[in-house]
Amino acid sequence: MPTIMRAFQLQTRDSLTFLVCTPLLAFGVLVATSTRPRQEHDASAGAWQGESGAYAGDGRRGTARAFAQFLAAVGFAQRSVLTLRQRHTNRCVFLEDAEVSTWMNEPPLADAVVTRSSDVVLGILTADCAPIFIFDPQTGVCAAIHAGWRGTLGRIVERTAEAMVTHFGTRLDVCRVAIGPTIGPCCYEVGPDVLERFRREFPYAEDLISTPTPQSRARLDLVNANVRQLLDWGFRREHIFVSGLCTACHPQLFFSHRRDSRIKGRSGLMLSVIGKMWPS
């Protein structure tokens, strides 16, 4: 894996622990990820299902209720927190200020969103997949991306980068990227059908895949797969920050669909957000 800055820190506020990407704070931008609640009956542990990010709540308001403590701890309790109907696509959509009220009730079906609005907070729900955030310090544009293996195979980060360049004139070499907790190559087993699709799509696929087991399953490096796409599009390596934390390896901190669903048949989700901080 390329040398990438690992610049996330666990912080605690109001007895709640969350993960923060510290380099983005210098730009007045907060990227943060909720951690697993101490009490399993907490609303955020039971309101969500699966690694797709599909939710059983009622749109944005369901998200706000389920993660109320987290949003209050990071200072976003009074903000419009907008999520997507994530379905492992490579679809990227744009959010305009006039659309905020509509999104609050019925988020679009997509797995990436780009906006220049300074008032909203973008949220991504994950339980193993990669929550990826891009910030353009010159134009103020923010992007939030949900990248599982399907979205990664569909080059969702590349489609998002292209959208930022085309619609906002973004220079990718000045952008900062934050990649939150994701299942790591230590734990992310995939079958031969997935491996073959990655080999057909990416000339560097072998760099992303460990040696297959006797059962023909191998481990995929989901973070590196997305980083390679970012680098190919001109993002600078020193501007890409990853948490370096595997969701499956840290049950005390994170939900993991791969780990938890084998035991309980379902898992909760974490909420990762990006938003511009308002003066206190």
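Since this is a predicted model, take the numbers as computed values, not measurements. (Residues numbered from 1 in each chain as written. Predicted model: local features only at pLDDT ≥ 70, side-chain atom pairs only at ≥ 80, totals over all residues. Heavy atoms only, no water.)

1. Comments concerning the side chain of Q229
Looking at where Q229 falls in the secondary structure, it is placed in helix α8 (residues 222-232). Beyond its immediate stretch of four places on either side in the chain, Q229 contacts T152, R155, I156, V157, E158, F202 and Y204. (Helix = DSSP H or I, 4+ residues; strand = E, 2+ residues; numbered from the N terminus. Contact = heavy atoms within 4.5 Å.)

2. Some words on the sheet that holds strand β5 (residues 92-95)
What the six strands build is an open sheet, ordered β5-β6-β9-β8-β10-β13; its pairing is mixed. Only two strands of the sheet have a single neighbouring strand rather than two, namely β5 and β13 (240-242). Sheet twist, expressed as the mean angle between neighbouring strand axes with direction ignored, is 15°. As defined by bridge partners, strand β6 (residues 112-115) adjoins strand β9 (residues 142-147) across four bridges and the pair is classed as antiparallel. (Pairing = 2+ DSSP bridges. Axes fitted to C-alpha atoms, helices over the stretch in contact; angles between N-to-C directions.)

3. Brief notes about a negative patch on the surface
Taken together, the side chains of E96, D97, E99 and D119 make up a negatively charged region of the molecular surface. Within the secondary structure, E96 is located in the loop between β5 and α4 (100-105). (Patch = residues over 30% accessible without salt bridge, like charges linked within 9 Å, V, L, I, M, F, W, Y side chains within 5 Å. Areas by Shrake-Rupley, 256 points an atom, 1.4 Å probe, with all protein chains shown as cover. Salt bridge = Lys/Arg side-chain N within 4 Å of Asp/Glu carboxyl O. Lys, Arg positive; Asp, Glu negative; His and termini not counted. Charge placed at Lys NZ, Arg CZ, Asp CG, Glu CD.)

4. A short note on the nonpolar core
Within the largest apolar cluster, 30 residues are counted, with the highest numbers of intra-cluster contacts made by L95, V113, L122 and I274. When contributions to this core are tallied by element, the ones reaching two or more residues are β2 (16-21), β3 (29-34), β5, α4, β7 (120-126), β8 (130-135), β9 and β14 (270-276). Those residues within four positions of L95 in sequence are excluded, and the remaining contacts are L82, V100, W103, V113, V114, T115, V120 and L122. Listed in part, the 26 residues of the second largest apolar core include I132, V141, I156 and A163. (Core = buried A, V, L, I, M, F, W, Y, C linked by side-chain atoms within 4.5 Å. Buried < 20%, exposed > 50% of the residue type's maximum accessible area, 1.4 Å probe, protein only.)

5. Considering the side chain of D136
Examined against the element boundaries, D136 turns out to sit in the loop between β8 and β9. No salt bridge forms around the buried D136; measuring N to O, its nearest opposite-charge neighbour R116 is 7.7 Å away. If we skip the residues at most four places from it in the chain, D136 touches V141, M164, T170, R171, V174 and C175.

6. Here's the deal with helix α6 (residues 156-168)
The terminal C-alpha atoms of α6 lie 18 Å apart, and with 13 residues this matches the ideal 18 Å at 1.5 Å per residue to within 8%. Once α6 finishes, G169 follows within two positions and takes phi at roughly 70°, a positive value. (Expected span 1.5 Å × (residues − 1).)

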